[in-house]
Amino acid sequence: MSIQSNLENIKSTLPKNVTLVAVSKTKPVSDLMQAYEAGQRIFGENKIQEMTEKWEQMPKDIQWHMIGHVQTNKVKFMAPFVSLIHGVDSLKLLQEINKQAQKNNRVIDCLLQMHIAEEETKFGLDEKELNDFLDFVQNNKEELQNIRVVGLMGMATFTDNQEQIKKEFTHLKTIFDMLNQLPTSNIQLLTLSMGMSGDYKVAIDCGSNMIRVGSSIFGGR
Ligand SMILES: *Cc1c(COP(=O)(O)O)cnc(C)c1O
């Protein structure tokens, strides 16, 4: 199957409100260009240097999403162009993104990464940390004018157990809905990024509106 037909097959099954991020990490620019020529404009990468090199070489109407864990000292390299950072899970990182966005005269959209999986290894916030995080953002609006928290991101446990995956995604959706219903909050969370090649269908059933799909488009890595 070609990249173009993979992309078309996936897109034909997606509800209108679901945004597809084509995860192109490790793949050459020629592969990304095939997706671009098929109409794809949102690409996800997990390494800042690789994303920056691809950004330099590719058309400038692409939206680049950073989906990986971000080291604070590398934010400056993507601040001129990144369109959404999915994996924000520390205040130190958020403050650095704000600082670098300011230097570039931009506002950078961020998703807060939640820990929903059973595995210890995945990054992300628990519910208590999320509440503290959002309080901090609310209380420091003056300083944080160059970032916007626009949603949540999560990764389910890597397992074949569909019930487990469904439980984790549903949990994240519940948190997402709850925050949006808080009367006192003026943070509006619009984006819920959950679902990858193996589990995006379940994720959409559970309320995801942004999926990050790599191998089902570009093949295995
Ligand atoms: C690699 C990656 C994906 C895409 O994974 P596939 O299984 O290839 O679709 C999605 N999200 C994150 C955070 C990733 O690192």
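Residues numbered from 1 in each chain as written. Predicted model: local features only at pLDDT ≥ 70, side-chain atom pairs only at ≥ 80, totals over all residues. Heavy atoms only, no water.

Engineer: I tried to follow the pattern of salt bridges on my own but got confused; where do I start?
Structural biologist: For the structure on display, the rule yields seven salt bridges. Residue Lys 54 is joined to Glu 50 by a salt bridge in which the shortest nitrogen-to-oxygen separation is 2.8 Å. Here Glu 50 and Lys 54 lie together in helix α3 (residues 48–57), a separation of four residues that amounts to about one turn. Lys 54 gets classed as buried once you look at its relative accessible area, which sits at 5%. Residue classification places Glu 50 among the buried residues on the basis of a relative accessible area of 18%. The shortest N-O distance in the salt bridge between Asp 132 and Lys 128 comes to 2.7 Å. Of the two residues, Asp 132 and Lys 128 are both situated in helix α6 (residues 127–139); the distance of four residues between them amounts to about one turn of the helix. The network of salt bridges with shared partners includes Glu 45, Glu 50 and Lys 54. (Salt bridge = Lys/Arg side-chain N within 4 Å of Asp/Glu carboxyl O. Helix = DSSP H or I, 4+ residues; strand = E, 2+ residues; numbered from the N terminus. Buried < 20%, exposed > 50% of the residue type's maximum accessible area, 1.4 Å probe, protein only.)

Engineer: What should I look at first to understand the site of the ligand in this one?
Structural biologist: All residues adjacent to the ligand are Val 23, Lys 25, Ile 67, Met 153, Met 155, Met 196, Ser 197, Arg 212, Val 213, Gly 214, Ser 215 and Arg 221. In this structure, an oxygen atom belonging to the ligand sits 2.8 Å away from a main-chain N or O atom of Ser 215. When the ligand is considered free in solution it has 390 Å² of accessible area, and contact with the protein chains removes 89% of it. The class makeup of the residues in the shell around the ligand is six nonpolar, three polar and three charged. (Near = heavy atom within 4 Å. Polar contact = N/O pair within 3.5 Å; in protein donor to acceptor, adjacent residues only side chain to side chain. Areas by Shrake-Rupley, 256 points an atom, 1.4 Å probe, with all protein chains shown as cover. Nonpolar A, V, L, I, M, F, W, Y, C, P; charged D, E, K, R; others polar.)

Engineer: Honestly, the packing of aromatic side chains in this entry has me stumped. Any pointers?
Structural biologist: Within a pair of aromatic rings, the relevant descriptors are the distance that separates the centres and the angle that separates the planes. What the rule picks out here adds up to two aromatic pairs. On the basis of an interplanar angle of 35° and a centroid distance of 5.8 Å, the ring pair of Phe 43 and Trp 64 is categorised as tilted. One end of the pair, Phe 43, is in strand β2 (residues 42–45); the other, Trp 64, is in strand β3 (residues 63–66), with 21 residues separating them in the sequence. The pair Phe 43 / Trp 64 is uniform in exposure class, with both members buried. Considering the side-chain rings of Trp 55 and Phe 81, the 4.2 Å spacing of their centres and the 5° angle between planes classify their relative orientation as stacked. With a gap of 26 residues between them, Trp 55 in helix α3 and Phe 81 in the loop between α4 (75–78) and β4 (84–88) connect regions that are remote in the sequence. Residue classification places Trp 55 among the partly exposed residues on the basis of a relative accessible area of 24%. Among the residues examined, Phe 81 registers a relative accessible area of 9% and is labelled buried. (Phe/Tyr/Trp six-rings, centres within 6.5 Å; stacked < 30°, edge-to-face > 60°.)

Engineer: Is there a simple way to explain the side chain of Lys 25 in this structure?
Structural biologist: Here Lys 25 is to be found in the loop between β1 (19–23) and α2 (29–37). It is Glu 45 that comes nearest to the buried, bridge-free Lys 25 among opposite-charge side chains, at 8.5 Å. Not counting residues up to four positions away in its chain, the partners in contact with Lys 25 are Gly 44, Glu 45, Asn 46, Glu 50, Lys 54 and Arg 221. (Lys, Arg positive; Asp, Glu negative; His and termini not counted. Contact = heavy atoms within 4.5 Å.)

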